[in-house]
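Residue-level structural notes
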Amino acid sequence: MREFMKPVRILQLTDLHVLEDSEARLKGIPTRELLQDVIRKIQDSAEVVDHLVITGDHTHDELPTSYSAVRSILSPWLDRLWQVPGNHDDRTVMRSVFGDRISGAGQQRINFSFKAGSWLCLGLDTHLPGSVSGLIEDQQIEWIVEQLHNSPDSRVALFMHHPPVLLNSVWMDRIGLDGRERLQKCIEQNPAIQLVCCGHVHHESSHRVGGAEIVTTPSTGIQFSPDGESATFVAAPPGYRVIELTEHGYRTEVRRLSETRYVPVP
Ligand SMILES: [Fe+2]
């Protein structure tokens, strides 16, 4: 008798923005404390974590001690951790602290690829040094196509920091992904790509490109609103995303802390 695939459960955490000083706050929000609260919620709920994906902005100050603090907080899942950088990341420092999880050297892109049952999960590095916006180049598209070619029967989930869509937000779209049309075209041409999980915008949203759903996920710390002409912070509980991959498709939802304990100060 044919065996059915057990769902593979992936947690996506994004935009941790941890600071070197453990008491420091970002716009009034204690990012390290809230990340620890999120981790406690995951552990208390005894959720199965087959893989943990961090979609960038591990730290706010890009300092080695801040990355070491992140590593220590994520220690329950270091053996199943996958990472891509955000704009608030430094590839060289990331590599120096997570050398056992990240291959390559120096400023080389940090992509990842792993199989999850009948799915292929790809992490895309959209970091552009010195820029808040991201970049996706032809080389990255060629890498995706090659990965798809090597797993012709897989459904594909992408993980990346900068969403490859416009959000109809004046200020968020100013700091979006240059070259997003390249990835949109790739998604349209490759229906195996069914889900794209992003960070960067610190709030939950869902969009469609071709046959794929593009989702954004709340930060584990400070929350944004797409409203307004410039960066807008809102009082909302930190969160993370649960993704269950099955042989028939996927289920995904955002989970949040039960209360908003801190209000951002502009
Ligand atoms: Fe961020």
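Reference entry: report on the structure contained in this document. Nothing here was measured: the structure is a model prediction, and the numbers come from that model.

So, about the nonpolar core. Counting 61 residues, the largest nonpolar core has Leu-13, Leu-52, Ile-144, Leu-183 and Ile-193 as its most contacted members. In terms of residue count, the dominant contributor to this core is helix 1 (residues 31-44) (5 residues). For Leu-13, the contacting residues outside a window of four places in its chain are Leu-35, Ile-39, Ile-42, Leu-52, Val-53, Ile-54, Thr-55, Leu-74, Thr-220 and Tyr-240. The next biggest cluster of nonpolar side chains, apart from the first, holds 17 residues, and it includes Phe-112, Cys-197, Val-215 and Leu-245.

Protein coordination at the iron ion comes from Asp-15 (OD), His-17 (NE2), Asp-57 (OD) and His-202 (NE2), with a distance range of 2.1 to 2.3 Å. Here the iron ion is ringed by 4 donor atoms whose angles at the metal span 86 to 175°, and the overall shape comes out irregular. As a motif over one chain, the donors of the iron ion read D-x1-H-x39-D-x144-H. With Asp-15 in the loop between strand 1 (8-13) and helix 1 and His-202 in the loop between strand 9 (193-198) and strand 10 (205-209), this pair connects stretches of sequence that are 187 residues apart.

The next subject is the sheet that holds strand 2 (residues 51-55). By definition, the strands of a sheet pair up through backbone hydrogen bonds, in either a parallel or an antiparallel sense. Within the open sheet, the 5 strands sit side by side as 3-2-1-14-15. Their pairing is mixed. Of all the strands in the sheet, just strand 3 (81-84) and strand 15 (250-256) have a single pairing partner and so form its edges. Recorded for the sheet is a direction-independent mean angle of 20° between the axes of neighbouring strands. As defined by bridge partners, strand 1 adjoins strand 2 across 4 bridges and the pair is classed as parallel. Considered in strand 2, the bridge of Ile-10 is made with His-51. Most of the contacts of helix 1 go to strand 1, to which it runs at about 165°, and overall it touches strand 1, strand 14 (239-245) and strand 15.

Within helix 6 (residues 180-189), the full set of buried residues consists of Arg-180, Leu-183, Cys-186 and Ile-187. Down the axis, helix 6 shows its buried residues gathered within 120° of arc, on one side only. Along helix 6, exposed side chains directed more than 90 degrees from the buried face belong to Lys-185, Glu-188 and Gln-189.

Cut-offs applied
- Residues numbered from 1 in each chain as written.
- Predicted model: local features only at pLDDT ≥ 70, side-chain atom pairs only at ≥ 80, totals over all residues.
- Heavy atoms only, no water.
- Core = buried A, V, L, I, M, F, W, Y, C linked by side-chain atoms within 4.5 Å.
- Buried < 20%, exposed > 50% of the residue type's maximum accessible area, 1.4 Å probe, protein only.
- Helix = DSSP H or I, 4+ residues; strand = E, 2+ residues; numbered from the N terminus.
- Contact = heavy atoms within 4.5 Å.
- Donors = N, O, S within 2.8 Å, 3.2 Å for Na, K, Ca; no water.
- Tetrahedral: all angles 85-135°; square planar, octahedral: opposite > 155°, others 65-115°.
- Pairing = 2+ DSSP bridges.
- Axes fitted to C-alpha atoms, helices over the stretch in contact; angles between N-to-C directions.
- Arc of directions from axis to C-beta.

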